[in-house]
Amino acid sequence: MLILFLKAVVLIPVTLLPILNPLGIAPVFANLLGNVSRKTEQRVARQVAINCWFMLVGAIFIGSHVLGFFGISLPIVRVGGGLLVAVSGWKLLSDNSQDAAIPKQVAKNYDDEDLPDDEIKARSFYPMSFPLTVGPGTIAASITLGANTPTRLLDWVISIGSAAFGAALTAVAIFLCYNYAHKLVHLMGRLGTMVVLRLSAFILLCIGIQIFWSGLSALLAEAGITGVAP
C-alpha cells in the first residue's frame, strides 16, 4: 500500500512538470512581475504556487464532474484553452515593450505596503497562475489523472492523499523556479533573457495552437469526419 502511495505521488509531478515547464516560464514571470522588492517577489511566487496547487487538486478531483455537469467535453476545453494560450503567447511575442521592460538590474524596489495581500492575489492569478503556468494542457492532464478514482474507501483516501501530496511537490517546484526568477534573469543577462523570453513566447504560442488542434481534431473525429486523427 505504501508503494502504491509513493508511485501515485511520483506520477503527478513526473506527468505535469514537463507540461507546466516552470523553468522555461520563469523569465516570463519575472518580466510580468517587473522591478519589485525581493520580499514581494517571494510573496507573489508563493501565491502563484498556492494558486496552482488548488487548481491542480481541483482538476484532479472535481474536474471531470464539473465538465460532466455543464456538458463540456475535454476536446472543447482544449479548443477554448488552446485559443487562450495562443493569444497570450502572441501578445508576449508581438509586444516590443516587453523587451524594454527587461531590467538591466533591479534598481527600484517598491515598498511592500504598496502591494497588499489582495493585490498580490489578484496579480498572481491572471496571467501568472492561469494560463501561463497551469494552462488547458495541464488541466486536461490533471483531469485524466483523476478520472479513475477508486470507489473503495481506503483506496479513495490513499488516492486523495497521494494526489494532494504529488500536487504539493509540483507546486514546490513552481515556487522554487519563480522565487529565483529575477536571479535567473540576471544570470542570463539582458540579451539572454530577451532571447529566452521570445523563445518562451513562441513556444507558448505553438503549445496553444497544438492544444487547439488536438481539441479540434477530436471534435471532427466525433462528428464522423474521417482522415483527421485526434
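See the structure printed just above.
Now for a look at the structure at hand. (Residues numbered from 1 in each chain as written. Predicted model: local features only at pLDDT ≥ 70, side-chain atom pairs only at ≥ 80, totals over all residues. Heavy atoms only, no water.)

In terms of helices and strands, the protein chain carries nine helices and zero strands. Taken from N to C terminus, the helices and strands of the protein chain fall in the order α-α-α-α-α-α-α-α-α. Residue burial in the protein chain is summarised as follows: out of 230 residues, 41% are buried. Considering only contacts in the protein chain between residues 6 or more positions apart, those separated by 24 or more positions represent 91%. Taken as a whole, the protein chain presents about 12200 Å² of accessible surface, with 69% of it coming from carbon and sulfur. (Helix = DSSP H or I, 4+ residues; strand = E, 2+ residues; numbered from the N terminus. Buried < 20%, exposed > 50% of the residue type's maximum accessible area, 1.4 Å probe, protein only. Contact = heavy atoms within 4.5 Å. Areas by Shrake-Rupley, 256 points an atom, 1.4 Å probe, with all protein chains shown as cover.)

In this section: the nonpolar core. Judged by nonpolar contacts, the single largest core of 35 residues is most densely connected at Phe29, Val44, Val48 and Tyr178. Only helix 1 (2–20), helix 2 (22–33), helix 3 (38–70), helix 4 (74–94), helix 6 (117–133), helix 8 (153–179) and helix 9 (181–222) provide two or more residues apiece to this core. For Val44, the residues in contact, after removing those within four places along its chain, are Phe29, Leu33, Ile120, Ser124 and Met128. (Core = buried A, V, L, I, M, F, W, Y, C linked by side-chain atoms within 4.5 Å.)

Looking at the second largest pocket, its volume works out to about 220 Å³. Around the second largest pocket, the lining is made up of 19 residues, and of these Ile19, Leu20, Ile25, Leu204 and Ile207 lie nearest the centre. Every element with two or more residues in the lining of the second largest pocket is listed here: helix 1, helix 2, helix 6, helix 7 (136–145) and helix 9. Among the elements that take part in the lining of the second largest pocket, helix 9 stands out by supplying five residues, more than any other. Its residues placed into classes, the lining of the second largest pocket shows 12 nonpolar, seven polar and no charged. (1 Å grid on protein atoms, 1.4 Å probe; cavity = no way out; pocket = protein on both sides within 12 Å on 5 of 7 lines; lining within 4 Å. Points joined across faces, edges and corners; volume = space filled by probe spheres on them. Nonpolar A, V, L, I, M, F, W, Y, C, P; charged D, E, K, R; others polar.)

Take the packing of aromatic side chains next. Under the counting rule described, the total for this entry stands at three aromatic pairs. Pairing Phe29 with Tyr178 gives two aromatic rings, centres 4.5 Å apart and planes at 10°, and the pair type is stacked. Residue Phe29 is found in helix 2, and its partner Tyr178 is found in helix 8; the two are separated by 149 residues along the sequence. A residue is classified by how much of its surface remains accessible, and Tyr178, at 0% relative accessible area, is buried. An angle of 80° between the planes, with centres 5.1 Å apart, marks the rings of Trp53 and Phe54 as edge-to-face. Take Trp53: its relative accessible area is 25%, and that puts it in the partly exposed class. (Phe/Tyr/Trp six-rings, centres within 6.5 Å; stacked < 30°, edge-to-face > 60°.)

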